[in-house]
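# Per-entry structural report
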Number of protein chains: 2
Amino acid sequence: MRISSENCSVGRALAVVGERWSLLIVREAFDGVRRFQDFRNRLGIASNLLSTRLDTLVSAGVLERVPYQDPGGRRRDEYQLTERGADLRPVLLALLQWGDKYLADPAGPSIIPRHLTCDEPVRVVLECTAGHRPLTADAVRRTPGPGALIS
Amino acid sequence: MRISSENCSVGRALAVVGERWSLLIVREAFDGVRRFQDFRNRLGIASNLLSTRLDTLVSAGVLERVPYQDPGGRRRDEYQLTERGADLRPVLLALLQWGDKYLADPAGPSIIPRHLTCDEPVRVVLECTAGHRPLTADAVRRTPGPGALIS
């Protein structure tokens, strides 16, 4: 059984707010996809474009190449999320949550992320280090950090 | 005083994981930018491209047009985040957090989001509805939701 990504809210959210392929590749990687052909088939992305995106994600340290060889086959690379890639989980879950709220099918979300240990749904929450939570979007203000360039 | 967005980690994260302009426009809107020329100047984006992106964001219900008229000037529209747009805050904060961790200047983050009430830094956290938190990226699994298409 594979869950189709056809009506995934991450895709819909990114169709609105940005270029789709890179984060969709990362989404598939979270779902256990590791091989070029599988990324290609799942996403319906052209090979040359997929190849370019994978190169970029490897260069950026989001994915790493791991060699494999099927019996009787050529030695090839598959793609595995690095720690840096795995840390994109909140980005994808935040996009999913937003897409689920505004763009899901009438039937509801196609994916529900769950806590591995207790199986309850997972959500993205804003909190402050003083422990106030959950914060609403308008309870946050942007302040300059130590690396701020002031103009 | 304006904080330059030149080394903003949201921009860097998106340069890796997606098309930049739409979420950068939303970022600027969170920072109080409302007018076409201000978006253009802050982002250094070509007018025709900005115009297209704003149209898309308005069509998607992320921004809405609000008429204004400066003394002696023409009546124009400015752009204001809708509730749907404001709900993108966790997406931007998740991108910011990831960019800050991996792509910030040596000096540190250029932006620190703070809780309006207590002024402590805000962060994005994964939690489950049973109250377990914060969850790590690998503590989450994807399960089919009510709208799942199974292939």
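Structure shown above.
A few points on the structure. (Residues numbered from 1 in each chain as written. Chains lettered and ligands numbered in written order. Predicted model: local features only at pLDDT ≥ 70, side-chain atom pairs only at ≥ 80, totals over all residues. Heavy atoms only, no water.)

### Notes on the interface of chain B and chain A
As a reminder of what qualifies: Contacts were defined at the residue level, with two residues in contact if any of their heavy atoms lie within 4.5 Å. Summed over both partners, the accessible area (1.4 Å probe) lost when two parts come together is defined as the buried area. We count a salt bridge whenever a side-chain nitrogen from Lys or Arg sits within 4 Å of a carboxyl oxygen from Asp or Glu. In protein, a polar contact means a hydrogen-donor-capable atom and an acceptor-capable atom, both N or O and within 3.5 Å, with residues adjacent in sequence counting only if both atoms are side-chain atoms; elsewhere, any N or O pair within 3.5 Å suffices. Per the convention used, a helix needs a DSSP run of H or I reaching at least four residues, while a strand needs a run of E reaching at least two, with both numbered from the N terminus. Classes in brief: Ala, Val, Leu, Ile, Met, Phe, Trp, Tyr, Cys and Pro nonpolar; Asp, Glu, Lys and Arg charged; the others, Gly included, polar.
Facing the 75 residues of chain B at the interface are 74 residues of chain A. Each partner contributes to the roughly 7300 Å² buried at the junction of chain B and chain A, and carbon and sulfur atoms together form 61% of this total. In this assembly, chain B and chain A are joined by ten salt bridges. The residue D119 of chain B makes a salt bridge to R141 of chain A at a minimum N-O spacing of 2.7 Å. For the pair chain B and chain A, the number of links is 32 residue pairs in polar contact (both at pLDDT 80 or more). Among the elements that take part in the side of chain B that touches chain A, helix α6 (residues 89-103) of chain B stands out by supplying ten residues, more than any other. The class makeup of the residues in the side of chain B that touches chain A is 41 nonpolar, 14 polar and 20 charged.

### A short note on the pattern of salt bridges
Pairing between side chains of opposite charge can happen when the charged atoms of each approach one another. Residues and elements named next belong to chain B. Here is the rule: Partly exposed describes any residue whose relative accessible area lies between the buried limit of under 20% and the exposed limit of over 50%, with all areas from a 1.4 Å probe on protein chains only and scaled to the type maximum.
Applying the stated rule across the entire model yields 26 salt bridges over all chains. A salt bridge links R65 to D55, with the nearest nitrogen and oxygen atoms 2.5 Å apart. Here D55 lies in helix α4 (residues 47-59) and R65 lies in strand β1 (residues 63-69), a separation of ten residues in the sequence. According to the relative accessible area criterion, R65 is partly exposed, its value standing at 35%. For D55, a relative accessible area of 36% puts it in the partly exposed group. Of the charged contacts in the structure, one is a salt bridge between E127 and R133, with a shortest N-O distance of 3.4 Å. For E127, a relative accessible area of 3% gives the class buried.

### Digging into the relation of the copies chain B and chain A
To be explicit about the condition: When the copies are overlaid, the least-squares fit takes in C-alpha atoms only where the residue has pLDDT of at least 70 in both copies.
With an RMSD of 0.0 Å, the operation that places chain B on chain A is a rotation of 180 degrees combined with a shift of 0.0 Å along the axis. This pairing of chains is accounted for by a two-fold axis. A symmetric contact is evident, with 99% of the interface residues of chain B recurring at the interface of chain A.

### A few points about the side chain of T82 of chain B
Assignment of secondary structure puts T82 of chain B in the loop between β2 (75-81) and α5 (83-86). The contacts of T82 of chain B, once residues within four sequence positions are left out, are G61, V62, L63 and E64 of chain B.

Remember that the coordinates give geometry; whether it matters functionally is a separate question.
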